[in-house]
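Per-entry structural report
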Amino acid sequence: MKTKQITFAGLAIALAIVVSTIIKLPSLPNGGSITLFSMLIISMIGYCYGPTTGFIASITYGVLQFILEPYFVHPLQVLLDYPLAFGALGISGFFSKNKNGLIYGYLFGILGRLFFHEVSGLIFYTTYVGDFHDNMIAISAVLIYNASYVLTEGLITLILLVLPPVRKMLESIKRLSVIY
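Now for a look at the structure at hand. Bear in mind the structure is a predicted one, so any value in this text is a computation, not a measurement.

1. Observations concerning the packing of helix α2 (residues 38–49) against helix α5 (residues 101–127)
At a closest axis distance of 10 Å, the pairing of α2 and α5 adopts a crossing angle of 120 degrees. Taken together, the axes of α2 and α5 are oblique relative to one another. Along this stretch, α2 crosses α5, giving a crossing that reads as right-handed. Residue-level inspection shows Met39, Leu40, Ser43, Met44 and Tyr47 of α2 in contact with α5, the latter providing Gly101, Leu102, Tyr106, Ile110 and Arg113.

2. Section: the environment of threonine 52
Within the fold, threonine 52 resides in helix α3 (residues 51–68). A relative accessible area of 58% means that threonine 52 is categorised as exposed. For threonine 52 and leucine 11, which are 41 residues apart along the polypeptide, the C-alpha to C-alpha distance reads 17 Å.

3. Things to note about the packing of aromatic side chains
All told, the structure shown has seven aromatic pairs when counted by the stated rule. Here phenylalanine 8 and tyrosine 49 contribute two aromatic rings whose centre-to-centre distance is 5.5 Å and whose plane-to-plane angle is 80 degrees, an arrangement assigned as edge-to-face. Note that phenylalanine 8 is positioned in helix α1 (residues 3–22) and tyrosine 49 in helix α2, a separation of 41 residues in sequence. By relative accessible area, which is 14% here, tyrosine 49 ends up buried. When the centroid spacing of 5.9 Å and the interplanar angle of 65 degrees are considered together, the rings of phenylalanine 55 and phenylalanine 94 count as edge-to-face. Residue phenylalanine 55 is located in helix α3, and its partner phenylalanine 94 is located in the loop between α4 (75–87) and α5; the two are separated by 39 residues in the primary sequence. The class for phenylalanine 55 is partly exposed, based on a relative accessible area of 26%. What makes phenylalanine 94 exposed here is its relative accessible area of 53%.

4. Some remarks on unusual backbone geometry
Most peptide bonds take the trans form, and the phi angle of most residues other than glycine is negative. You will see that phenylalanine 37, though not glycine, has its phi angle at about 75 degrees, which is positive. Mapped onto the elements, phenylalanine 37 comes out in the loop between β2 (33–35) and α2. Even without a glycine there, the phi angle at asparagine 100 is positive, about 60 degrees. Within the secondary structure, asparagine 100 sits in the loop between α4 and α5. Of the residues examined, asparagine 100 reaches a relative accessible area of 26% and is grouped as partly exposed.

5. A short note on the side chain of arginine 113
One can find arginine 113 in helix α5. No salt bridge is formed by the buried arginine 113, whose closest oppositely charged neighbour, glutamate 153, lies at an N-O distance of 4.8 Å. Not counting residues up to four positions away in its chain, the partners in contact with arginine 113 are Met39, Ala85, Phe86, Ala88, Tyr149 and Val150.

6. Considering the nonpolar core
Side chains of nonpolar character tend, in soluble globular proteins, to be buried together. By size, the foremost hydrophobic cluster in this structure holds 32 residues, and its most contacted members are Ile13, Ile42, Ile45, Tyr61, Leu102, Tyr106 and Leu161. Sorting the residues of this core by element identifies α1, α2, α3, α4, α5, α6 (132–161) and α7 (164–177) as the ones contributing at least two each. In terms of residues, this core owes the most to one element, α2, which gives nine residues. With residues up to four places along the chain from it excluded, the contact list for tyrosine 106 reads Met39, Leu40, Ser43, Ser92, Glu153, Gly154, Thr157, Leu158 and Leu161.

7. Things to note about the packing of α2 against α3
Where α2 contacts α3, the axes come no closer than 6 Å and their chain directions differ by 155 degrees. Looking at the two axes, α2 sits roughly antiparallel to α3. Read as a crossing pair, α2 and α3 show a hand that is right-handed. Seen from α2, the contacting residues are Ser38, Ile42, Ile45, Gly46 and Tyr49; seen from α3, they are Pro51, Thr53, Gly54, Ala57, Ser58 and Tyr61. Of the residues in the contact of α2 with α3, the class split is six nonpolar, five polar and no charged.

What counts and what doesn't
- Residues numbered from 1 in each chain as written.
- Predicted model: local features only at pLDDT ≥ 70, side-chain atom pairs only at ≥ 80, totals over all residues.
- Heavy atoms only, no water.
- Axes fitted to C-alpha atoms, helices over the stretch in contact; angles between N-to-C directions.
- Helix = DSSP H or I, 4+ residues; strand = E, 2+ residues; numbered from the N terminus.
- Parallel < 35°, antiparallel > 145°, perpendicular 65-115°, else oblique.
- Left-handed = near helix turned anticlockwise from the far one by under 90°.
- Contact = heavy atoms within 4.5 Å.
- Buried < 20%, exposed > 50% of the residue type's maximum accessible area, 1.4 Å probe, protein only.
- Phe/Tyr/Trp six-rings, centres within 6.5 Å; stacked < 30°, edge-to-face > 60°.
- Lys, Arg positive; Asp, Glu negative; His and termini not counted.
- Salt bridge = Lys/Arg side-chain N within 4 Å of Asp/Glu carboxyl O.
- Core = buried A, V, L, I, M, F, W, Y, C linked by side-chain atoms within 4.5 Å.
- Nonpolar A, V, L, I, M, F, W, Y, C, P; charged D, E, K, R; others polar.

Here's what the structure looks like:
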């Protein structure tokens, strides 16, 4: 990684941490909250520099989230809910050269994050449920719970991303981040 990449990624991670700490809409009782645009800030790293830098930065962000606000019941949740779930935001790097790449990358990143939170919830909840019917209820409840904050923030951000002034500003940021 070049110095400019490290600097840009470090600043983005710091900004996302500040945003996720200060600007929380509802904080849910068992972890998870809607933060305004922290996932977008992390996704921008992958969008600007590609998947390798995107994954490194987003996994780093996930580890920092665990250090600052850990919430887990099962040890496997530490891996699934933090480095892997937030690390999925690095998927945005695969779309860095596509038209509308940030929108597609962000969408796939948040769906990846939702997937890892879902697996984590299933491991936790189905451990304590005995039969198939109750497991189906647990699976539905976990999806509703996780989607309530991940997809809500994602939808708010996607609406923002389609606004022409915002798209223009984010493209300017990408041009400024280019390494010569």
